[in-house]
Amino acid sequence: IGFRHDDLTESDWLVLEFLDGATPLLDSRRTRSLDRAAEWLGSFHGATEGLWPDLLLSGIPFRDAEWYQGWMDRTAGWAGALHVRYPWLAPACRRSDLYEPLLTAPHSVVHGEFSPANVLLRDGEVLPVDWESAAMAPGELDLAFFTLGWPRRLRRRVEAAYARRRWPGGPPATFEETLRAARTHAC
(Lines give C-alpha, C1' and ligand atoms only; values in the text may rest on other atoms or scores of the structure.)
Protein backbone atom coordinates (compact mmCIF):
# COMPACT_ATOMS: atom_id res chain seq x y z
CA ILE A 1 0.00 0.00 0.00
CA GLY A 2 2.79 2.38 0.79
CA PHE A 3 6.05 3.36 2.39
CA ARG A 4 6.79 6.36 4.60
CA HIS A 5 9.88 7.66 6.32
CA ASP A 6 9.20 9.66 9.49
CA ASP A 7 11.98 12.25 9.82
CA LEU A 8 11.05 13.09 13.41
CA THR A 9 11.55 9.54 14.71
CA GLU A 10 13.83 8.26 11.94
CA SER A 11 11.37 5.37 11.51
CA ASP A 12 10.40 3.68 8.28
CA TRP A 13 6.85 2.45 7.80
CA LEU A 14 5.88 -0.20 5.27
CA VAL A 15 2.12 -0.66 4.97
CA LEU A 16 1.33 -3.96 3.29
CA GLU A 17 -2.38 -4.35 3.83
CA PHE A 18 -5.41 -2.53 5.20
CA LEU A 19 -7.31 -4.95 7.44
CA ASP A 20 -10.81 -3.57 7.01
CA GLY A 21 -13.15 -4.65 9.80
CA ALA A 22 -10.38 -6.01 12.02
CA THR A 23 -10.50 -5.31 15.75
CA PRO A 24 -7.75 -5.64 18.36
CA LEU A 25 -7.68 -8.87 20.35
CA LEU A 26 -7.45 -6.61 23.41
CA ASP A 27 -11.00 -5.42 22.65
CA SER A 28 -12.40 -8.93 22.48
CA ARG A 29 -14.61 -9.84 25.40
CA ARG A 30 -14.41 -13.56 24.66
CA THR A 31 -11.66 -15.72 26.14
CA ARG A 32 -12.20 -18.09 23.21
CA SER A 33 -10.43 -15.45 21.13
CA LEU A 34 -7.31 -16.02 23.22
CA ASP A 35 -7.52 -19.75 22.50
CA ARG A 36 -7.90 -19.03 18.77
CA ALA A 37 -4.81 -16.80 18.82
CA ALA A 38 -2.82 -19.52 20.65
CA GLU A 39 -4.03 -22.13 18.15
CA TRP A 40 -2.97 -19.90 15.26
CA LEU A 41 0.42 -19.48 16.91
CA GLY A 42 0.83 -23.24 17.43
CA SER A 43 -0.05 -23.91 13.78
CA PHE A 44 2.36 -21.23 12.59
CA HIS A 45 5.25 -22.53 14.69
CA GLY A 46 4.53 -26.11 13.63
CA ALA A 47 4.51 -25.12 9.96
CA THR A 48 7.78 -23.17 10.15
CA GLU A 49 9.77 -25.44 12.48
CA GLY A 50 11.67 -27.34 9.81
CA LEU A 51 12.36 -24.30 7.64
CA TRP A 52 15.04 -22.59 9.70
CA PRO A 53 18.16 -23.65 7.76
CA ASP A 54 16.72 -22.17 4.56
CA LEU A 55 15.33 -19.08 6.29
CA LEU A 56 18.73 -18.22 7.80
CA LEU A 57 19.95 -17.63 4.27
CA SER A 58 17.16 -15.08 3.81
CA GLY A 59 18.60 -12.87 6.55
CA ILE A 60 16.05 -13.51 9.26
CA PRO A 61 17.82 -13.18 12.64
CA PHE A 62 18.67 -16.28 14.68
CA ARG A 63 18.34 -16.08 18.46
CA ASP A 64 21.56 -17.50 19.94
CA ALA A 65 23.38 -17.47 23.30
CA GLU A 66 24.87 -14.04 22.61
CA TRP A 67 21.39 -12.59 22.04
CA TYR A 68 19.92 -14.08 25.23
CA GLN A 69 22.93 -13.08 27.31
CA GLY A 70 22.73 -9.58 25.87
CA TRP A 71 19.21 -9.21 27.25
CA MET A 72 20.34 -10.51 30.62
CA ASP A 73 23.23 -8.02 30.63
CA ARG A 74 20.87 -5.17 29.74
CA THR A 75 18.47 -6.25 32.48
CA ALA A 76 21.29 -6.19 35.02
CA GLY A 77 22.38 -2.76 33.77
CA TRP A 78 18.87 -1.27 33.80
CA ALA A 79 18.08 -2.63 37.26
CA GLY A 80 20.23 0.01 38.96
CA ALA A 81 19.15 0.37 42.60
CA LEU A 82 16.92 -2.69 42.35
CA HIS A 83 20.05 -4.79 42.89
CA VAL A 84 20.00 -3.71 46.54
CA ARG A 85 16.38 -4.80 46.97
CA TYR A 86 16.84 -7.99 44.92
CA PRO A 87 20.38 -9.29 45.60
CA TRP A 88 19.66 -12.45 43.61
CA LEU A 89 19.21 -10.47 40.36
CA ALA A 90 22.88 -9.90 39.44
CA PRO A 91 23.88 -13.57 39.91
CA ALA A 92 20.76 -14.66 37.98
CA CYS A 93 21.72 -12.43 35.05
CA ARG A 94 25.00 -14.35 34.75
CA ARG A 95 23.38 -17.80 34.64
CA SER A 96 23.43 -19.16 31.11
CA ASP A 97 21.55 -22.25 32.32
CA LEU A 98 18.42 -20.05 32.52
CA TYR A 99 18.35 -19.75 28.71
CA GLU A 100 20.14 -23.00 27.80
CA PRO A 101 16.87 -24.84 26.93
CA LEU A 102 16.14 -22.11 24.37
CA LEU A 103 19.37 -22.94 22.54
CA THR A 104 18.62 -26.63 22.15
CA ALA A 105 14.86 -26.48 21.45
CA PRO A 106 13.56 -26.74 17.88
CA HIS A 107 13.48 -23.32 16.19
CA SER A 108 10.57 -21.85 14.24
CA VAL A 109 9.82 -18.44 12.86
CA VAL A 110 8.70 -16.39 15.85
CA HIS A 111 6.80 -13.12 15.78
CA GLY A 112 9.03 -11.72 18.50
CA GLU A 113 6.34 -9.53 20.06
CA PHE A 114 3.29 -11.79 19.93
CA SER A 115 1.04 -10.14 22.48
CA PRO A 116 -2.68 -9.33 22.59
CA ALA A 117 -1.74 -5.79 21.52
CA ASN A 118 -0.26 -7.13 18.24
CA VAL A 119 -3.11 -9.41 17.24
CA LEU A 120 -6.19 -8.34 15.30
CA LEU A 121 -9.35 -10.38 14.74
CA ARG A 122 -11.66 -10.31 11.74
CA ASP A 123 -14.58 -12.70 11.40
CA GLY A 124 -12.83 -15.23 13.64
CA GLU A 125 -9.57 -14.94 11.71
CA VAL A 126 -6.38 -14.23 13.68
CA LEU A 127 -4.21 -11.52 12.11
CA PRO A 128 -0.87 -10.84 13.85
CA VAL A 129 0.64 -7.45 13.00
CA ASP A 130 3.92 -5.65 13.72
CA TRP A 131 6.43 -8.30 12.62
CA GLU A 132 9.60 -6.20 12.94
CA SER A 133 11.03 -8.49 15.66
CA ALA A 134 10.51 -11.73 13.74
CA ALA A 135 13.35 -14.20 14.10
CA MET A 136 14.29 -17.86 14.29
CA ALA A 137 13.83 -19.08 17.87
CA PRO A 138 11.83 -21.59 19.89
CA GLY A 139 8.11 -20.95 19.47
CA GLU A 140 7.74 -21.08 23.23
CA LEU A 141 9.14 -17.53 23.31
CA ASP A 142 6.06 -16.19 21.53
CA LEU A 143 3.80 -18.22 23.81
CA ALA A 144 5.55 -16.88 26.93
CA PHE A 145 5.21 -13.27 25.76
CA PHE A 146 1.58 -13.82 24.78
CA THR A 147 0.62 -15.08 28.25
CA LEU A 148 2.94 -12.87 30.33
CA GLY A 149 1.23 -11.78 33.54
CA TRP A 150 -1.92 -13.82 33.00
CA PRO A 151 -3.62 -15.75 35.81
CA ARG A 152 -2.24 -19.30 36.01
CA ARG A 153 -5.50 -21.04 35.09
CA LEU A 154 -6.06 -18.97 31.94
CA ARG A 155 -2.40 -19.20 30.98
CA ARG A 156 -2.41 -23.01 31.30
CA ARG A 157 -5.59 -23.30 29.24
CA VAL A 158 -4.16 -21.18 26.42
CA GLU A 159 -0.83 -23.03 26.56
CA ALA A 160 -2.71 -26.32 26.19
CA ALA A 161 -4.57 -24.97 23.13
CA TYR A 162 -1.22 -23.97 21.62
CA ALA A 163 0.38 -27.36 22.32
CA ARG A 164 -2.58 -29.31 20.89
CA ARG A 165 -2.36 -27.36 17.65
CA ARG A 166 1.43 -27.39 17.33
CA TRP A 167 1.88 -31.06 18.26
CA PRO A 168 -1.34 -33.04 17.58
CA GLY A 169 0.37 -36.18 18.91
CA GLY A 170 1.35 -34.43 22.14
CA PRO A 171 4.13 -32.00 23.03
CA PRO A 172 7.74 -33.16 23.34
CA ALA A 173 9.07 -34.02 26.79
CA THR A 174 11.12 -30.80 26.72
CA PHE A 175 8.11 -28.48 26.22
CA GLU A 176 7.67 -27.47 29.88
CA GLU A 177 11.40 -26.89 30.39
CA THR A 178 11.64 -24.78 27.23
CA LEU A 179 8.51 -22.84 28.17
CA ARG A 180 9.89 -22.18 31.66
CA ALA A 181 13.11 -20.78 30.13
CA ALA A 182 11.02 -18.69 27.73
CA ARG A 183 8.97 -17.29 30.63
CA THR A 184 12.18 -16.36 32.44
CA HIS A 185 13.43 -14.59 29.33
CA ALA A 186 10.09 -12.78 28.89
CA CYS A 187 10.37 -11.40 32.40
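The preceding data block contains the structure.
Residues numbered from 1 in each chain as written. Predicted model: local features only at pLDDT ≥ 70, side-chain atom pairs only at ≥ 80, totals over all residues. Heavy atoms only, no water.

### Things to note about the nonpolar core
Part 1: Counting 33 residues, the largest nonpolar core has Leu25, Ala37, Leu102, Phe146, Tyr162 and Phe175 as the members making the most contacts within it.
Part 2: Among the elements of the structure, helix H1 (31-48), helix H3 (65-79), strand S5 (119-122), strand S7 (135-137), helix H7 (140-146), helix H8 (152-166) and helix H9 (175-186) are those that each provide at least two residues to this core.
Part 3: Here this core takes five residues from H9, the largest share from any one element.
Part 4: With near-sequence residues (within four places) excluded, Leu25 lies in contact with Ser33, Leu34, Ala37, Pro116, Val119, Leu120, Leu121 and Phe146. (Core = buried A, V, L, I, M, F, W, Y, C linked by side-chain atoms within 4.5 Å. Buried < 20%, exposed > 50% of the residue type's maximum accessible area, 1.4 Å probe, protein only. Helix = DSSP H or I, 4+ residues; strand = E, 2+ residues; numbered from the N terminus. Contact = heavy atoms within 4.5 Å.)

### Here we look at the sheet that holds strand S6 (residues 125-128)
Part 1: Taken in spatial order, the three strands line up as S3-S5-S6 in an open sheet, and their pairing is antiparallel. Each edge of the open sheet is held by one strand with a lone partner, namely strand S3 (23-24) and S6.
Part 2: Sheet topology note: the S3/S5 ladder contains two bridges and is antiparallel. In the strand pairing of S5, Pro24 is matched with Leu120.
Part 3: Across the face of the sheet, H1 comes into contact with S5 and S6 while running at roughly 65 degrees to S6. (Pairing = 2+ DSSP bridges. Axes fitted to C-alpha atoms, helices over the stretch in contact; angles between N-to-C directions.)

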